[in-house]
Structure formats: structure tokens, C-alpha cells
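Analysis of the macromolecular model
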Amino acid sequence: NVTTISNYQWSVCFNFTVKYSIAAPIPDGFYKIMSTIDVASGVTASKSDCLMTKAPCALYFRFDLSTGYYSISSEGMTLALNDGNIAFAEPDGSTRQQWSLVKVAGGYAIVNAATGNALDDRWRDTSEGALVWGYEPSLNNQAQTWILKTTETKTIENGTYRILSKLDPHLA
């Protein structure tokens, strides 16, 4: 729209509608959160805490287009950050249970929507039972850089199967 103010002046008004598409960095699915400090160590969580382990649990990452954040869950519980402590909680949809994935060198930073704190391997300790907590983000900090390892899901059809020992095929 052009409006004439005088012979030498005029004004222009533009109306724009911009639509941004939100793309999920990774597809929804099961992933193990693995350390970049020690790739044999990963994250496991319970209702009381989040720890490093050599046997990390598979967590389901689900991207919500309406918020632009992921929920990270397992067995009906959702990973949440409360006062620096990361643990499973009953799903309530709050921002303390929403996470963004920030691509950094070597992997991803996993950042909480409520606090802006990142999933952090406290003291860079990858030993069994070492604490994983929410801490002030420092991008490209190896203690906050994680590899998301996909887990293979296989469905076994109904039927009769014979289970053999890998060590001794004669044992069934």
C-alpha cells in the first residue's frame, strides 16, 4: 500500500506473513545418550537421579512441533530437571520436562527449556554411578556433549522358536 502525503512525500506499508518450519534435529525414536569423554559410558535415569553407566538405558525422544522441544521418556515416565537434579517424573507437560538438542562439535548438547541448563556429566566422571545433572551450558564442553546412539528395535512374530546357546549350539 502506497499513501501519498504530498507531491514529494509518500509512505509505504508492507504486511508480511512469515512461516518458519521447525525441523527436528533427530527423528522420534529410541536413543541411548552416550558420553563423548568415554564412548562406552552413557546415561541411565531413575525417579531419584540420573547417572553414568556402562549399560545405558534406551530413552524415547519425541519432538513436539507446537513447542519445538523434545520429551525424553521411558516406561511412562519423563526426564525432568528440578533444582539441578535430573530424574524421571510423571509427565505433566511442563517446561522442566522439555529439552532441546543443540548441535555442537562431536554431538549434541541437551538443554532444558525451563532453566536453560544442559545435561552435564558432573566432574567429567564417566565411572559407574557418577552423577549427571543440569548445569550452566558451556557449548562444546565435552561434559555436556552427547552422542545419541540409535537402538535397533525388532518385532518377533507369533510362533514357535528354538533358543540356542551362542556358546554351545547343542544346548537349547
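Provided above is the structure to which this section pertains.
Scope of this entry: the structure provided in the associated data block.

Describing unusual backbone geometry
At Asp83, a position not held by glycine, the phi torsion is positive, near 50°. Within the secondary structure layout, Asp83 lies in the loop between strand 8 (77-82) and strand 9 (85-89). On the basis of relative accessibility, which here comes to 85%, the residue Asp83 falls in the exposed class. One non-glycine residue, Trp123, adopts positive backbone phi at about 60°. Mapping Trp123 onto the fold places it in the loop between strand 12 (118-121) and strand 13 (132-135).

Describing the side chain of Ser41
In this fold, Ser41 is placed in the loop between strand 3 (29-35) and strand 4 (42-45). One polar contact links the side chain of Ser41 to the main-chain carbonyl oxygen of Thr126, over a distance of 3.1 Å. Setting aside residues no more than four positions away along its own chain, Ser41 makes contact with Met34, Ser35, Met52, Thr53, Lys54 and Thr126.

Section: the state of the cysteines
Chemically, a disulfide is nothing more than a covalent bond linking the sulfur atoms of two cysteines. Under the criterion given, the structure shown has zero disulfides. Its sulfur unpaired, Cys57 is 7.7 Å from the next cysteine sulfur, which belongs to Cys50.

Let's talk about the nonpolar core
The nonpolar side chains of a soluble globular protein tend to be buried with one another. Within the largest apolar cluster, 26 residues are counted, with the highest numbers of intra-cluster contacts made by Ile26, Ile33, Phe61, Leu101, Ile110, Trp146 and Leu148. Discounting residues that sit within four places of it in the chain, Leu148 has contacts with Ile26, Tyr31, Lys32, Ile33, Phe61, Leu101, Tyr108 and Ile110.

With respect to the pairing of strand 11 (residues 107-112)
In terms of residue burial, strand 11 counts as a mostly covered element, since six of its six residues are buried. In textbook terms, the turn of a hairpin is the stretch between consecutive antiparallel strands, and for strand 10 (residues 99-104) and strand 11 this stretch comprises two residues, one of which, Gly106, has a positive phi near 90°.

About the cut-offs
- Residues numbered from 1 in each chain as written.
- Predicted model: local features only at pLDDT ≥ 70, side-chain atom pairs only at ≥ 80, totals over all residues.
- Heavy atoms only, no water.
- Helix = DSSP H or I, 4+ residues; strand = E, 2+ residues; numbered from the N terminus.
- Buried < 20%, exposed > 50% of the residue type's maximum accessible area, 1.4 Å probe, protein only.
- Polar contact = N/O pair within 3.5 Å; in protein donor to acceptor, adjacent residues only side chain to side chain.
- Contact = heavy atoms within 4.5 Å.
- Disulfide = S-S within 2.5 Å.
- Core = buried A, V, L, I, M, F, W, Y, C linked by side-chain atoms within 4.5 Å.
- Pairing = 2+ DSSP bridges.

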